[in-house]
Amino acid sequence: MLVTFSTDVHADITLFGDIAIDMLHMMGHSGTVPSAILADDVPAALNRLSAAIDATETSIPAKETDRQTTSMATRARPLIELLSDAANAKVNVMWK
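Residues numbered from 1 in each chain as written. Predicted model: local features only at pLDDT ≥ 70, side-chain atom pairs only at ≥ 80, totals over all residues. Heavy atoms only, no water.

Caption draft 1: Molecular detail of unusual backbone geometry. For the bond from Val33 to Pro34, the omega torsion is 0°, close enough to zero to count as cis. For Pro34, the position within the fold is in the loop between α1 (17–26) and β3 (35–37). You will see that Lys90, though not glycine, has its phi angle at about 55°, which is positive. Here Lys90 shows up in the loop between α4 (72–89) and β4 (93–95). For Lys90, a relative accessible area of 67% translates into the label exposed. (Helix = DSSP H or I, 4+ residues; strand = E, 2+ residues; numbered from the N terminus. Buried < 20%, exposed > 50% of the residue type's maximum accessible area, 1.4 Å probe, protein only.)

The following block contains the structure:
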């Protein structure tokens with residue numbers, strides 16, 4: 001499954017379903033697909049996601065970072081940019 005995030009002020013972002021649902025949970029959302037975040041709630045969701053990503057990155061043991069995998073921070077970067085643009089423009093974010 002793929003999940004596509006969209007808003008009026010940013011290009012669509014598509015993530016693998018399991019990663020997208022993990023990020024939705026980090027934002028404090030239920031993880032329901034499809035759904036949306038209202039414009040007034042986007043800044044809080046962005047802050048929760050950023051804080052969760054920061055916490056994830058600092059809690060990974062050194063052995064784990066030696067593997068050649070894509071970190072959650074790298075995977076989250078496009079979604080964080082989308083949320084940031086949506087927060088600045090005060091628009092809703094939807095996903096399906």
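Don't stop here, the text continues.
Caption draft 2: Structural detail: the nonpolar core. Core analysis: the largest hydrophobic core is formed by 26 residues, its most contacted members being Phe5, Met23, Met27, Leu49, Leu79, Leu83 and Val93. Secondary structure elements with two or more residues in this core: β1 (2–7), β2 (10–16), α1, α2 (42–59), α4 and β4. At 7 residues, the largest contribution of residues to this core is made by α4. (Core = buried A, V, L, I, M, F, W, Y, C linked by side-chain atoms within 4.5 Å.)

The analysis is restricted to geometry; functional conclusions fall outside its scope.
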